[in-house]
Amino acid sequence: MASTAFEAPSLCFLGIACLADAPKQSLTFKRHHQPPAAPPMTMHRHPPPKRASRVEQISTPSPPNPPPGPSGRITNAQIQKMRSSRISKDTSKLLGSVAATQTSFPRRTTRSLSRFAHTTSTTLDQNGPQTTDIEDSISPPRKRRRRRTPADSPTEAADAEPSSDPSPSAPSPPAKRRGRKPAKNKTDRTTGQQGASPPVPPPPDWQEVYNTVKKMRGPGGAAHGAAVDTMGCERLADPNASPRDQRFHTLIALMLSSQTKDTVNAVAMHRLRTELPPHRPGAPAGLNLDNVLAVDAGLLNELIWAVGFHNNKTKYIKRAAVMLRDQWKGDIPDTIEGLTSLPGVGPKMAYLCLSAAWGRTEGVGVDVHVHRITNLWGWNRTRSPEETRRALQSWLPRDKWREINWLLVGLGQTVCLPVGRRCGDCDLGLDGLCKAAERKKVLQGRRAAEEVEVEEASGVAVRRREVVAGVVVTKEEAVNGELRVGR
């Protein structure tokens, strides 16, 4: 026994100390006189030796019983080895009898594990006896029959032959993905422009709606005097400037108008026309291409700080000025492609600028008001202003392409507001032409409408009956110089 082992009970230490003084001959045991004693309770500092696996126990012949040690005693390791060899013998006998009674079946190998298949030609030693694998002595599970699908043809099943090669089959090449076809560029027959939506029939009452809005935008109408009438982008150019500078003013005003009210845009344009320093001493100050090229970006940003996204618009204006000087000889482009190539200029600005600066109308300028109101009326069902432009150009007469922007922008600024629409003051709602009109506001507007009646008796006074908040108020106004007021 190793010297590092120690006994659990305290009395064992005394016994071992006493036996240590006795002669060694008295501690010698004969194997046939006394059976092997049970191993004492010991605690090893090192882990016990690793037991052999089942396969190693079966394939390796069990060694004979180990002889006693030099002192005549059988150690714990020898006892453990005897037990493992006895278990190996019993297990090998049991598996041998089972293998003799059962019929061996071919092993089922899958595609992924076929390269690890055990064949009869594989041996541990070419000159030694072959050893049966433990997995081969156990019958494999029954194969599940595959259900035939409609795609499986009987001819393919008959022609298919089982392959005896255990090597894995080559993987099938991946199926090729079908590439997406490019979108077709459709050309509008009426405008000759590519990318236009197919023509759709016009709304049945569009002319009546259009004429009503035009009447509302005129003098005395509910939508008269909108901000776009006096402060629109096409009205912000300096009338005393040269034609080239006026076109440049229109382009700058359109670039500043994005996400900005017309009143704020007009103030910013006024500052540029009056406070922009000259590019050299003696040159005129104000808004022109040379002064924009020479001005510092920080000062330009301060002059237009009130507009929305003024930081980005400062960069766009400086870059566009360089492009106009280098590519367009100091003037603005006269085509839609040239205008949209400038930074910060979209289709809406391009069509409006081409119409206001060059006097050519090649498309409808659709902003948020035109896009929102036409969808409220049910003229189109679009998701972006560009889709709205294509839809309107497919059926709206060409002579109304420029006017419709002015009409609907003014209507959206005064009556058909984005938030809090005044449906009670709109003639479209009162006449039942607007599908999106709020019924409650329309009823209130009708109740508050004035009714003019002319008295048949005198023919002098006009009695005006007005219903305000449910109270009937009667007023009489003199026509021929006489004034009478009553209730």
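Structure shown above.
How each quantity is defined
Residues numbered from 1 in each chain as written. Predicted model: local features only at pLDDT ≥ 70, side-chain atom pairs only at ≥ 80, totals over all residues. Heavy atoms only, no water. Axes fitted to C-alpha atoms, helices over the stretch in contact; angles between N-to-C directions. Helix = DSSP H or I, 4+ residues; strand = E, 2+ residues; numbered from the N terminus. Parallel < 35°, antiparallel > 145°, perpendicular 65-115°, else oblique. Contact = heavy atoms within 4.5 Å. Nonpolar A, V, L, I, M, F, W, Y, C, P; charged D, E, K, R; others polar. Left-handed = near helix turned anticlockwise from the far one by under 90°. Core = buried A, V, L, I, M, F, W, Y, C linked by side-chain atoms within 4.5 Å. Buried < 20%, exposed > 50% of the residue type's maximum accessible area, 1.4 Å probe, protein only. Expected span 1.5 Å × (residues − 1). Salt bridge = Lys/Arg side-chain N within 4 Å of Asp/Glu carboxyl O. Phe/Tyr/Trp six-rings, centres within 6.5 Å; stacked < 30°, edge-to-face > 60°. Lys NZ or Arg CZ within 6 Å of the ring centre and 35° of its normal.

**Q** In this structure, what is going on with the packing of helix α14 (residues 368-377) against helix α16 (residues 403-414)? I would like to understand it.
**A** Helix-helix packing is characterised by the crossing angle of the two axes and by the distance between the axes. Interhelical geometry of α14 versus α16 gives an angle of 85 degrees and a closest axis separation of 9 Å. Viewed along their axes, α14 and α16 adopt a mutual orientation that is roughly perpendicular. Mapping the contact onto sequence places H369, V370, R372, I373, T374 and W377 in α14 and N405, L408, V409, L411, G412 and Q413 in α16. Taken together, the residues that form the contact of α14 with α16 break down as 6 nonpolar, 5 polar and 1 charged.

**Q** It is not clear to me how the packing of α14 against helix α15 (residues 385-393) should be interpreted in this structure. Could you clarify?
**A** The interhelical angle for the contact between α14 and α15, taken along N-to-C directions, is 60 degrees, at an axis separation of 9 Å. Put simply, α14 runs oblique to α15. Two packed elements cross with a definite hand, and for α14 against α15 that hand is left-handed. For the pair formed by α14 and α15, the contact residues are V370, H371, T374 and N375 on the first element and P385, T388 and L392 on the second.

**Q** What is the right way to read the environment of R389 from this model?
**A** By the element assignment, R389 lies in helix α15. Once the C-alpha coordinates of R389 and V366 are considered, the two residues, 23 residues apart in sequence, prove to be 5.9 Å apart.

**Q** For this particular structure, what's the right way to read the nonpolar core?
**A** For soluble globular proteins, nonpolar side chains are generally found buried alongside one another. In this structure, I252, L256 and L272 are the most contacted members of the largest nonpolar core, which totals 38 residues. Put simply, the parts of the chain that give this core at least two residues each are α7 (243-256), α8 (262-275), α9 (289-294), α10 (297-303), α11 (310-327), α12 (336-340) and α13 (347-357). Examining the composition of this core, we find that 7 residues originate from one element, α7, more than from any other. Setting aside its immediate chain neighbours within four residues, L272 contacts I252, L256, G286, L287, L300, L303 and I304.

**Q** Which parts of the structure should I look at to understand unusual backbone geometry?
**A** Among all residues except glycine, the phi angle is most often negative; among peptide bonds, the trans geometry is most common. For F309, which is not glycine, the phi torsion reads 55 degrees and is therefore positive. Although it is not a glycine, K329 adopts a positive phi angle of roughly 55 degrees. Inspection of the secondary structure puts K329 in the loop between α11 and α12. In this structure K329 comes out as exposed when scored by relative accessible area, which is 76%.

**Q** Just checking my understanding: could you explain α11 for this structure?
**A** Its 18 residues give α11 an end-to-end C-alpha distance of 25 Å, which sits within 8% of 26 Å, the value for a rise of 1.5 Å per residue. Within α11, the full set of buried residues consists of K313, T314, I317, K318, A320, A321, M323 and L324. The secondary structure elements touched by the buried residues of α11 are α7, α9 and α10. Of the residues trailing α11, K329 is marked for its positive phi of about 55 degrees.

**Q** Looking at this structure, how should I read the pattern of salt bridges?
**A** A side chain of one charge can pair with a side chain of the opposite charge when the charged atoms of the two come close. This structure, assessed with the given rule, holds 13 salt bridges. Residue R390 pairs with E386 through a salt bridge whose shortest N-O separation is 3.7 Å. Residue R390 and its partner E386 are both found in helix α15; the two are separated by 4 residues, about one turn of the helix. With relative accessibility at 30%, the residue R390 sits in the partly exposed group.

**Q** Would you explain the packing of aromatic side chains in this entry?
**A** Each aromatic ring pair is summarised here by two numbers: the centre-to-centre distance and the angle between the ring planes. What the rule picks out here adds up to 4 aromatic pairs. Between W206 and Y210 the ring centres are 6.4 Å apart and the planes differ by 70 degrees, which places this aromatic pair in the edge-to-face class. Placement of the pair is W206 and Y210 together in helix α5 (residues 206-217), with a separation of 4 residues, close to one helical turn. Grouping residues by exposure puts W206 and Y210 together as buried. One Lys or Arg, R217, reaches over the ring of W406 and ends 4.3 Å from the middle of that ring.

**Q** How should the environment of L339 be read in this particular structure?
**A** Take L339: it is sitting in helix α12. We classify L339 as buried; its relative accessible area is 0%. Once residues lying within four places of it in the same chain are set aside, the contact partners of L339 are P333, V345, A350, C353 and L354.

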